[in-house]
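Architecture and fold: a report
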Amino acid sequence: MKKIQKKRKNKILETIDNNNLGSLARTLLGSLVVVFVFYSLPLMINFANDNILNTKEFRNNSKQVLVYTLDKKTNGTQDENETFDERDLLADIYNLNDKETDAVRLNASTIKQLFEDTGYKLDDVRVNKLVKPVALDSFPQEIKMIENTKKRKELFLQIVLPLVLQENNNIKLDRKRLFSIINKSNNTELEKKWLNKKFKQYGIPSKDLSILKIRMDEVPVSLALAQAAKETGWGTSRFAQEGNALFGQWTWSGEGLKPKEAEEGEGHKVMKFNILQASVRAYQRNLNTHKTYKEFRLARAQLRDEGKELDSIILSQYLDKYAETGTEYVRILRKIIEQNNLKDFDKAKLLPSSLELESLI
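1. Here we look at the overall build of the protein chain
- Scanning the protein chain from terminus to terminus reveals 15 helices and five strands.
- Per-residue burial for the protein chain yields a buried fraction of 43% across its 361 residues.
- Contacts in the protein chain between residues at least 24 apart in sequence constitute 67% of all its contacts with a sequence separation of at least 6.

Here it is in structure tokens:
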């Protein structure tokens, strides 16, 4: 019986060899091996990444001003599916930051005297809601030496408040013009050019008016003041003193100040500005365009649609990604707003320095 089976096997092998079927079998077997390798390789790589080589670093980029760096280099933080020219997006900030400034830095006593001479007092502002248009380019170095906490905070608020109001005024004027254009059936060439400029400025290549309406809006004064106070230690931080950086915005390239705890050649820098006003404008542009703050903008738009005031306490919850401390950062912002009665300034108006601004009073 065994001899018969061997003969049959030999006949089968002989038949395969005679008909060149061996090479076909080997080719088929080789193909199956190749298919198996290609199918299993991605699975093996994913397993290795997830379980063996998982060394990914996660970085909070929300303090970056979009793709903003002072040396005009990109860093890849723009919205998905958005392609825009950084030079158009930030041209007004570049221009403001390049503004000529006085070489003389005013000291604290001179600034206090200036405020007294112009009748600029926070107690009056809390009541009459009118702010003198006094814009300073930098903080006095002596602010960190003012031991009286109340006086130090008061000087800080007097310096920053007009800057925030000025930037909000710029946005108010733009919104006023935007709604005027939207409500017209036909627009002039000048109006169309203005719209195109704003689409570029707010990073909207799709030229969607509904997106522009959401992005082109104010940041509540009390919220901006609270963030500036938190990020600068009420004007005493090295970043505020040396770089006019009010909001701790980051850059991995370009001009900036290196945090002392950062290792040489690694990590982010805090961006420097020539004047405080540029820092405020960059901050507002950040909140109004960066993808991280989309929910903030939608919540603000909803308050507008409901005819409600822009509430800093409500909107602050959408800034949990502004700092790595997350919800704790939000809690601190709310505490600063409430303890210092910053909402008193939400309805404050900047006294007009031009006829155009009188319409906002």
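2. As for the packing of aromatic side chains
- All told, the structure shown has six aromatic pairs when counted by the stated rule.
- Residues phenylalanine 156 and tryptophan 234 carry aromatic rings whose centres are separated by 5.4 Å and whose planes lie at 75° to one another, so their mutual orientation is edge-to-face. Placement of phenylalanine 156 in helix α7 (residues 149–182) and of tryptophan 234 in the loop between α10 (221–232) and α11 (238–243) is noted, with a sequence separation of 78 residues between them. Taken individually, phenylalanine 156 and tryptophan 234 each receive the classification buried, so the pair is uniform in this respect.
- Measuring from centroid to centroid gives 5.8 Å for tyrosine 322 and tyrosine 329, while their planes differ by 10°, and the two rings are stacked.
- Taken together, the ring pairs connect Phe139, Phe156 and Trp234 into an aromatic cluster.
- Residue placement shows arginine 285 over the ring face of tyrosine 202; its charged tip is 5.5 Å from the ring centre.

3. Observations regarding the side chain of glutamate 167
- When you line up the elements, glutamate 167 lands in helix α7.
- At 2.9 Å, the side chain of glutamate 167 and the side chain of arginine 281 are in polar contact.
- If we ignore the near neighbours within four places in the chain, the residues touching glutamate 167 are Gln277, Val280, Arg281 and Gln284.

4. A word on the nonpolar core
- Phe139, Phe156, Leu161, Leu223, Leu225, Leu246 and Phe345 are the most contacted members of the largest nonpolar core, which has 55 residues in total.
- Every element with two or more residues in this core is listed here: α5 (108–117), α6 (122–128), α7, α10, α12 (276–289), α13 (294–305), α14 (312–316) and α15 (327–339).
- Tallying contributions element by element places α7 first for this core, with nine residues.
- Membership of the second largest hydrophobic core comes to ten residues, among which are Ile171, Ile181, Ile204 and Met216.

5. Things to note about unusual backbone geometry
- Not every positive phi belongs to a glycine, and lysine 207 is a case in point at roughly 55°.
- Within the fold, lysine 207 resides in the loop between α8 (189–201) and α9 (209–215).
- At asparagine 341, a residue that is not glycine, the phi angle is positive and equals roughly 50°.
- In this structure, asparagine 341 sits in the loop between α15 and β5 (349–350).

6. Some remarks on the pattern of salt bridges
- Per the counting criterion, the structure on display carries 15 salt bridges.
- Close ionic contact of arginine 304 with aspartate 217 constitutes a salt bridge, the shortest N to O distance being 2.7 Å. With arginine 304 in helix α13 and aspartate 217 in the loop between α9 and α10, the pair connects residues that are 87 residues apart, well separated along the chain.
- Given the relative accessible area of 31%, arginine 304 is considered partly exposed.
- Taken together, the salt bridges that share partners define one network made up of Arg175, Asp217, Glu218, Arg300 and Arg304.

7. Quick word on α12
- End to end, α12 covers 20 Å across 14 residues, agreeing with the expected 20 Å (1.5 Å per residue, within 8%).
- Of all the 14 residues making up α12, 14 are buried; the element is thus mostly covered by neighbouring parts of the structure.

8. Topic: the side chain of glutamate 191
- Relative to the helices and strands, glutamate 191 is located in helix α8.
- You can call glutamate 191 buried: its relative accessible area is 12%.
- A polar atom in the side chain of glutamate 191 sits 3.4 Å from the side chain of asparagine 187.
- Within the structure, glutamate 191 has its side chain in polar contact with the backbone nitrogen of threonine 188 (distance 2.9 Å).

9. A closer look at the environment of serine 222
- Here serine 222 lies in helix α10.
- Considered as a pair, serine 222 and phenylalanine 345 are 123 residues apart in the sequence and their alpha carbons are 6.4 Å apart.
- The residues touching serine 222, leaving out its near neighbours within four places in the chain, are Ser312, Ile337, Leu342, Lys343 and Asp346.

10. Examining the packing of α7 against α8
- Taken N-terminus to C-terminus, the directions of α7 and α8 make an angle of 125°; their axes are 11 Å apart at the nearest point. Here α7 is positioned oblique relative to α8, judged by the angle of their axes. Like other packed secondary-structure pairs, α7 and α8 cross with a definite hand, here left-handed. Within the contact between the two elements, α7 uses Asp174, Arg177, Leu178 and Ile181 and α8 uses Leu190, Glu191, Trp194, Leu195, Lys198 and Gln201.
- Here the contact of α7 with α8 is built from residues that sort into five nonpolar, one polar and four charged.

11. Focus on α15
- For α15, which comprises 13 residues, the first-to-last C-alpha distance of 18 Å matches the rise-based estimate of 18 Å (1.5 Å per residue) to within 8%.
- In the core, the buried residues of α15 are packed alongside α10 and α14.
- Two residues or fewer past α15, asparagine 341 is found with a positive phi of approximately 50°.

Parameters at a glance
- Residues numbered from 1 in each chain as written.
- Predicted model: local features only at pLDDT ≥ 70, side-chain atom pairs only at ≥ 80, totals over all residues.
- Heavy atoms only, no water.
- Helix = DSSP H or I, 4+ residues; strand = E, 2+ residues; numbered from the N terminus.
- Buried < 20%, exposed > 50% of the residue type's maximum accessible area, 1.4 Å probe, protein only.
- Contact = heavy atoms within 4.5 Å.
- Phe/Tyr/Trp six-rings, centres within 6.5 Å; stacked < 30°, edge-to-face > 60°.
- Lys NZ or Arg CZ within 6 Å of the ring centre and 35° of its normal.
- Polar contact = N/O pair within 3.5 Å; in protein donor to acceptor, adjacent residues only side chain to side chain.
- Core = buried A, V, L, I, M, F, W, Y, C linked by side-chain atoms within 4.5 Å.
- Salt bridge = Lys/Arg side-chain N within 4 Å of Asp/Glu carboxyl O.
- Expected span 1.5 Å × (residues − 1).
- Axes fitted to C-alpha atoms, helices over the stretch in contact; angles between N-to-C directions.
- Parallel < 35°, antiparallel > 145°, perpendicular 65-115°, else oblique.
- Left-handed = near helix turned anticlockwise from the far one by under 90°.
- Nonpolar A, V, L, I, M, F, W, Y, C, P; charged D, E, K, R; others polar.

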